[in-house]
Amino acid sequence: MSAAFASSSDSKMNNVENDNRTVDSVKKKSFGDKNKKNDTNANSSTVIKVKSVIPRRRQDLLKWYGWGYKDSMFKLGEKGASFTGDRYSIGGKVLPHLSQWAIDNLGVDPAKAPTIPKLPTTFADSRLPEKIRLELEKIALVSVDGMDRLIRAHGQTLKDMSQLRTNSFPRIPDAVIWPESHEQVEEIVSCASRHNFVLIPFGGGTSVSGAVTCPAKEMRPIVVLDTSDMNSILWLDKDQLLARVQAGIIGQDLEREMRARGFTVGHEPDSYEFSTLGGWVATRASGMKKNTYGNIEDLIVQTKVVTPRGVIEKSCRVPRISCGPDFEHIVMGSEGCFGVVTEVTLKIRPLPPVVRYGSLVFPDWEAGFHFERDVARQRLQPSSIRLMDNEQFRFGQALKTENTWGGVLLDGLKRLYITKIKGFDPSKLCVVTLLMEGSADEVKEREKRLNAIAAKYGGIPAGATNGENGYTLTFVIAYLRDVAIEYDVVAESFETSVPWDRTLALCANVKQRVRDECARRGISKYLISHRLTQTYDAGCCIYFYFGHNTAQVSDPVNTYEEIEEAARDEIIACGGSISHHHGVGKLRKKWYTDTVSEPGRQLLLAAKKTLDPDNIFALANMAFEEPSNELTVKSVEGLNMAYPGVGPNKADNDEQIKHTYYQWVCFVLLGQSVMFYTPRYMWKIWEGGRLKALAADLSSPVVTKDWSEFRRGELISYLSYTNIHTHNMYALRYAFCEILNLVNVVGQIFLLDIFLGGAFRNYGAAVAAFTHTPRVPADMIDFAAVNPMDQFFPKLTKCWLRNYGPSGSLQVKDRLCVLPLNIVNEKIFVILWFWLIILAFVSTLAVLFRVLVLSLRPLRSLMIAGQLRYVKKNVISRIVKRFGFGDWFILYLLGKNMNPIIYKDLIVELSKELEHKTVMV
Ligand SMILES: Cc1cc2nc3c(=O)[nH]c(=O)nc-3n(C[C@H](O)[C@H](O)[C@H](O)COP(=O)(O)OP(=O)(O)OC[C@H]3O[C@@H](n4cnc5c(N)ncnc54)[C@H](O)[C@@H]3O)c2cc1C
């Protein structure tokens, strides 16, 4: 919880600036060579590994947040209010006026016991499958601990705080991972793309737009990528005034390290105690000193961003480039939806020699406003110049601490001078706070000129202390909201950017709209106040603060949001913007398209489609929709849906598998049988019944009278005289048919693979592997495990049906098609897969064996010997030596088709006959 007064803190915002004890240097090797190209001209050769003052891990974070405390950190009493803790200047002190202010303005009852949140003990189960967790653990530190996940489930909106206090987030992340380098982020993003889980980049968690809140309907596992361990300064170039910094560094750490070396970045959003460099880039942040240093977009020279499509980074570190649209501006303000910012090259500046605060009092808001306008027109703005309305001025007075008699007296005199002598109405006067930086002469000169302009509008200087208090209290004021909830008050700020000519009307109208909305709901105790915080040539930024007592309200957070929404409608109607620096997130989506136009929205969607087509960064901010249940189901294909591949299209580029094969399966099977029969048929033709004629009537198991002297003579004459050496072609044709068998089998595997659109080559193996995996995994979300039978032979598919509507136009209808035959097909093809694999193996062996037989004569003798019993080796080898391969082959086939006794007789006689024939070589 962001209530920021935990007593455990050991550093004060006010003294971190000069504390460089927490720095140590390490050699740069751990960040890989990829950084080298950015190192040119860098004159700091070591990585500055920064130790943050913000605790990084759960237990410490709990203390920091003040969770589990027994008592409230804030006490309202009759004699005043007090805070515990020492992080801010008002910690541990009594604020004598705050109780009365809270009673008068917000109807707080100091006697009522505050509602203190309990430390949660139960958390939603992590949905991250074990195997993905193990894979992630090989990359970086991972936690699925409930508290780690809860702490990173939220930003700092009122709703976030309310849900945190009641542990009622509809969805919290399933795991947190802490990468330490760009390379590790690349691995994590690639892992997320492979396994289709969601990544949420998380910096300081100070988002006030709902940007880091988990999309409630997301069914895929959500992993928060916490950048807090990526907080090193990779190099510092004092000549070029540049620094390369990892994106997870927290604002106050960055500034402390820079100041320790005599530099400053100068970017100080009010959240800079907690917010990170990556968060600033992702939200297009604006700091209070933007007049001198610029907003984040003015400070950046180069960013490195890991997207699912790869890394985006400009190839050169130049001050400006004219190279088409600047893609860095797609990343700036992308609110985590395109990828992770890992490293940033920032401009730095030498520390200003003089920093001086100041304040001016004006009779009313209009006078203060015209002063601000005049200063902007003359471009005389100091580093910061802010105008507070009367409500804020009085709130500031209520936050004053106990004072010395001297202080009280001085305050009294000042008050007397302003109200009695100058005649300012205490219920109207406004204050401008100033922060001036530069050389002593510059600061002096600027102050003189500002005082002169102020005088034109009735303003008078009110001293440096008031100005300084205004700035230091800025840090604490935001978090008062979190303790106010304990006293039945809900509050929040919202801001806008507005042209100068619309500002006064906008401020008045928005305040009036809030009053009307409160009246409509019977809310009588509330505060609506505003201040002007940033100025430009063309306009300014206005911050509104609104809070109300919840005693009369049944659903306080919802009521607050309704009123804020009405106020935003009014802001836009008055010419203001959706936001100046808080971003869009999930809270301000409603106004996004009107702000950027429909083509603008399409451009954003196109960028998303290009950089993150599978919606890995599914934060659903800006124009990106939260998944509807149907869409989510589709994204978890095969398990959390009725049937794989059936569902609404996720996007235009949704991958579609078109199943057209099923109508052709029977023809393909027929074609296969024809192809298998072809070699057999060819052999039949070529063989021409020769073997049958030679062995006619000689196959009977009983030796008959058919085996006569005459018949034996005939055969011996055929084999050894008339047809010897004429059977080579016969044998070669047989071998050719065997080769054809092999080619046929392999060819069929390829053809079937083409026929099934690439599904066949691994089909049998995938089916076999799948049967070893449980069909419905225990965690129900092992979405990688879709049955390959269902995947390639769906029984139910999505169909587009075309018909004519009642008035004759063509209609394309979304229908379901049932393919019942696939129940058989899926099995046929499994059997075929195994059968063809076996056949291919056997055919290969057959061909190899044929080659061996052709080349090794002793093998041929052995084969004949294998057909006979009790025949001497030399009898057989005499024949084999005199026979060619073809003769041997036909003799061998005869052996297979004859009675063995007759065959033995034939061999013995043949051998005798050939005894005097020349030996073949
Ligand atoms: C008290 C208070 C005062 C504030 N004052 C200011 C102010 O003066 N000026 C101002 O501009 N804002 C202000 N804000 C708003 C907020 O601090 C900014 O939006 C800030 O830039 C968010 O930074 P973060 O590190 O906390 O980001 P988070 O809150 O952690 O994240 C914000 C968004 O940025 C994304 N993100 C974070 N880190 C990365 C990364 N490395 N890569 C990609 N995406 C990332 C997240 O996914 C999310 O969408 C204030 C907020 C609070 C609570």
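Residues numbered from 1 in each chain as written. Predicted model: local features only at pLDDT ≥ 70, side-chain atom pairs only at ≥ 80, totals over all residues.

1. Thoughts on the overall build of the protein
Put simply, the rule is: A helix here means a DSSP run of H or I that spans at least four residues, while a strand means a run of E at least two residues long, and both kinds are numbered starting from the N terminus. Each residue is classified by how many other C-beta atoms fall within 10 Å of its C-beta atom, where C-beta atoms are placed from the backbone; a count of 20 or more means buried, 12 or fewer means exposed, and values in between mean partly exposed. A pair of residues counts as a contact when their C-beta atoms, built from backbone coordinates, are within 7 Å of each other.
When helices and strands are counted, the protein shows 32 helices and 25 strands. Looking at the 921 residues of the protein, the share that counts as buried comes to 40%. Considering only contacts within the protein whose residues lie at least 6 apart along the sequence, 76% involve residues at least 24 apart.

2. Observations concerning the site of the ligand
Under the convention used in this document: Whether a residue is near a molecule or strand depends on its C-beta atom, generated from backbone atoms, being within 6 Å of that molecule or strand. In this classification, the charged set is Asp, Glu, Lys and Arg, the nonpolar set is Ala, Val, Leu, Ile, Met, Phe, Trp, Tyr, Cys and Pro, and all remaining amino acids, among them Gly, are polar.
Among the 37 residues in the neighbourhood of the ligand, the closest are listed as Gly203, Gly278, Gly279, Gly336 and Ala478. Elements supplying a minimum of two residues to the shell around the ligand: β8 (198-202), α8 (277-283) and β15 (340-347). Of all the elements, α8 adds the most residues to the shell around the ligand, at five residues. Each residue belonging to the shell around the ligand can be placed in one class, and the counts come to 15 nonpolar, 20 polar and two charged.

3. Examining the domain arrangement of the protein
Our working definition: For the domain bounds, the source is a domain assignment made automatically or taken from a database.
Examined at the domain level, the protein breaks down into domain 1 (13-72 + 116-350), domain 2 (354-590) and domain 3 (671-773 + 828-914). Going through the elements one at a time, α5 (158-165) and α9 (290-293) are the ones with two or more residues in the side of domain 1 that touches domain 2. Considering every element that reaches the side of domain 1 that touches domain 2, the biggest residue donor is α5, with five residues. Residue composition of the side of domain 1 that touches domain 2, grouped by class: eight nonpolar, 13 polar and eight charged.

4. Overview of the UniProt feature "transmembrane region" (unreviewed entry) in the protein
Keep this limit in mind: UniProt positions are given in the numbering used here, feature names are shortened, and annotations may be inferred rather than shown by experiment.
Here the UniProt-annotated "transmembrane region" (unreviewed entry) positions come out as residues 828-853. Across residues 828-853 one finds 100% helix and 0% strand; the C-alpha atoms that close the span lie 36 Å apart.

5. So, the nonpolar core
Put simply, the rule is: Throughout this description, the term nonpolar core refers to a group of buried Ala, Val, Leu, Ile, Met, Phe, Trp, Tyr and Cys residues whose C-beta atoms join them within 7 Å.
The biggest cluster of nonpolar side chains holds 78 residues, and the ones touching the most others in it are Leu199, Ile200, Val223 and Val281. Residue contacts for Val281: discarding those within four places in its chain leaves Ala247, Ile296, Ile300, Thr303, Val331, Met332, Val341 and Val344. If you look at the next biggest cluster of nonpolar residues, it comprises 70 residues, including Ile90, Trp365, Val375 and Phe393.

6. Some thoughts on the environment of Val703
Along the chain, Val703 falls in the loop between α23 (690-694) and α24 (709-722). Residue classification places Val703 among the partly exposed positions, given that 13 C-beta atoms sit within 10 Å. Sequence separation between Val703 and Phe889 is 186 residues; the distance between their C-alpha atoms is 24 Å. Excluding its chain neighbours within four sequence positions, the residues that come into contact with Val703 are Asn899, Ile901 and Ile902.

7. Overview of the pairing of strand β9 (residues 222-226)
Heads up, the condition is: At least two DSSP bridges between two strands are needed for those strands to be called paired.
With five of its five residues buried, β9 lies for the most part within the structure. Burial of β9 is two-sided: the residues Ile222, Val224 and Asp226 facing one way and the residues Val223 and Leu225 facing the other way are all buried. One ladder, built from five bridges, connects β8 with β9; its direction is parallel. For Leu199, the partnering residue across the bridge sits in β9 and is Val223.

8. Description of the confidence of the model for the protein
Threshold: On a range of 0 to 100, pLDDT expresses the predictor's confidence in each residue.
Considering every residue of the protein, the mean pLDDT works out to 85; 86% of them sit at 70 or more. Note on residues 1-42: pLDDT under 50 across the span, and 90 contacts to partners over four residues away in sequence or across chains. Per-residue pLDDT stays below 50 along residues 630-639; that stretch engages in 36 contacts with residues further than four places along the chain or on separate chains. Both scores are available for the predicted complex, with the pTM at 0.70 and the ipTM at 0.99.

9. A few points about the packing of helix α22 (residues 665-687) against helix α25 (residues 728-755)
What counts here: Only the stretch in contact is used when fitting a helix axis, every axis being a line fitted to C-alpha atoms; angles between N-to-C directions are given from 0 to 180 degrees. Angles are sorted into four bins: roughly parallel if under 35 degrees, roughly antiparallel if over 145, roughly perpendicular if 65 to 115, and oblique for all others.
It is at 10 Å that the axes of α22 and α25 come closest, and there the two elements cross at 170 degrees. Overall, the two elements α22 and α25 adopt an arrangement that is roughly antiparallel. Side by side, α22 and α25 meet where Val668, Gln672, Met675, Phe676, Pro679, Met682, Trp683 and Trp686 of the first sit next to Arg733, Tyr734, Cys737, Leu740, Asn741, Asn744, Gln748 and Phe755 of the second. Of the residues assigned to the contact of α22 with α25, the class counts are eleven nonpolar, four polar and one charged.

10. Focus on helix α6 (residues 182-195)
Rules: In this analysis, the expected span of each helix is defined as 1.5 Å times one less than the number of residues it contains. By arc we mean the arc of the directions from the helix axis to the C-beta atoms, nothing more.
For α6, which comprises 14 residues, the first-to-last C-alpha distance of 20 Å matches the rise-based estimate of 20 Å (1.5 Å per residue) to within 8%. Within α6, the full set of buried residues consists of His182, Gln184, Val185, Ile188, Val189, Ala192 and His195. Around the axis of α6, the buried residues are gathered within 160 degrees of arc, so they sit on the same side. The elements touched by buried residues of α6 are α3 (130-137), β7 (175-178), β8, β9, β13 (300-307) and β15.

11. Structural notes on unusual backbone geometry
Most of the time, phi is negative for any residue but glycine, and the peptide bond is trans. Residue Ala620 is not a glycine yet carries a positive backbone phi of 60 degrees. With respect to the secondary-structure elements, Ala620 resides in the loop between α20 (598-611) and α21 (629-635). We note that Met622 has phi near 55 degrees; this positive angle belongs to a residue other than glycine. Structurally, Met622 is set in the loop between α20 and α21. Of the residues examined, Met622 has 25 C-beta atoms within 10 Å and is grouped as buried.

12. Quick notes on the sheet that holds β7
A sheet is described by the order of its strands in space; here four strands give the open sequence β6-β7-β9-β8, paired in mixed fashion. Looking at strand neighbours, the two that pair on one side only are β6 (141-143) and β8, the edges of this open sheet. When the angles between neighbouring strand axes are averaged without regard to direction, this sheet yields 25 degrees.

13. As for the sheet that holds strand β19 (residues 430-438)
Spatially, seven strands are ordered β20-β17-β19-β18-β22-β23-β21 in an open sheet, and the strand pairing comes out antiparallel. The open sheet has two edge strands with one neighbour each: β20 (460-461) and β21 (489-499). As judged from the five bridges shared by strand β18 (residues 384-388) and β19, these two strands associate in the antiparallel manner. From the neighbouring strand, Met388 faces β19, where its bridge partner is Val431. The sheet strands contacting helix α16 (residues 464-484) are β17 (354-362), β19, β21 and β23 (539-549), and the helix crosses β17 at an angle near 80 degrees.

14. Some remarks on the environment of Asn295
Here Asn295 lies in the loop between α9 and α10 (296-299). Separated by 585 residues in the primary sequence, Asn295 and Val880 have C-alpha atoms spaced 96 Å apart. Ignoring sequence-local partners within four residues, the contact set of Asn295 consists of Ser286 and Lys290.

15. Some details on helix α18 (residues 556-573)
End to end, α18 covers 26 Å across 18 residues, agreeing with the expected 26 Å (1.5 Å per residue, within 8%). Against α5, β21, α17 (500-520) and β23 lie the buried residues of α18. Directly beyond the C-terminal end of α18, a positive phi value near 95 degrees is found at Gly575.

16. Considering the pairing of strand β24 (residues 796-804)
Burial analysis of β24 places just zero of its nine residues in the buried class, a small minority of the element. Note: β24 against strand β25 (residues 810-818), nine bridges, orientation antiparallel. In the strand pairing of β25, Trp800 is matched with Asp814. From the end of β24 to the start of β25, which pair antiparallel, there are five residues, and Gly808 there has a positive phi angle of about 95 degrees.

17. Here's the deal with the packing of helix α12 (residues 365-377) against helix α15 (residues 440-456)
Filter applied, for reference: Crossings are sorted by hand: turned counterclockwise from the far helix by less than a right angle, the near helix makes the crossing left-handed, and turned clockwise it makes it right-handed.
Axis separation between α12 and α15 bottoms out at 9 Å; the angle between their running directions is 135 degrees. With respect to each other, α12 and α15 are oriented oblique. Here α12 and α15 pass one another in a crossing that is right-handed. Along the contact surface, α12 presents Phe371, Asp374 and Val375, while α15 presents Leu450, Ile453 and Ala454. For the contact of α12 with α15, the class distribution of residues is five nonpolar, no polar and one charged.

18. Digging into the environment of Asn899
Locating Asn899 in the fold gives a position in the loop between α31 (885-897) and α32 (900-914). A C-alpha to C-alpha distance of 5.9 Å links Asn899 and Ser700, two positions 199 residues apart in sequence.

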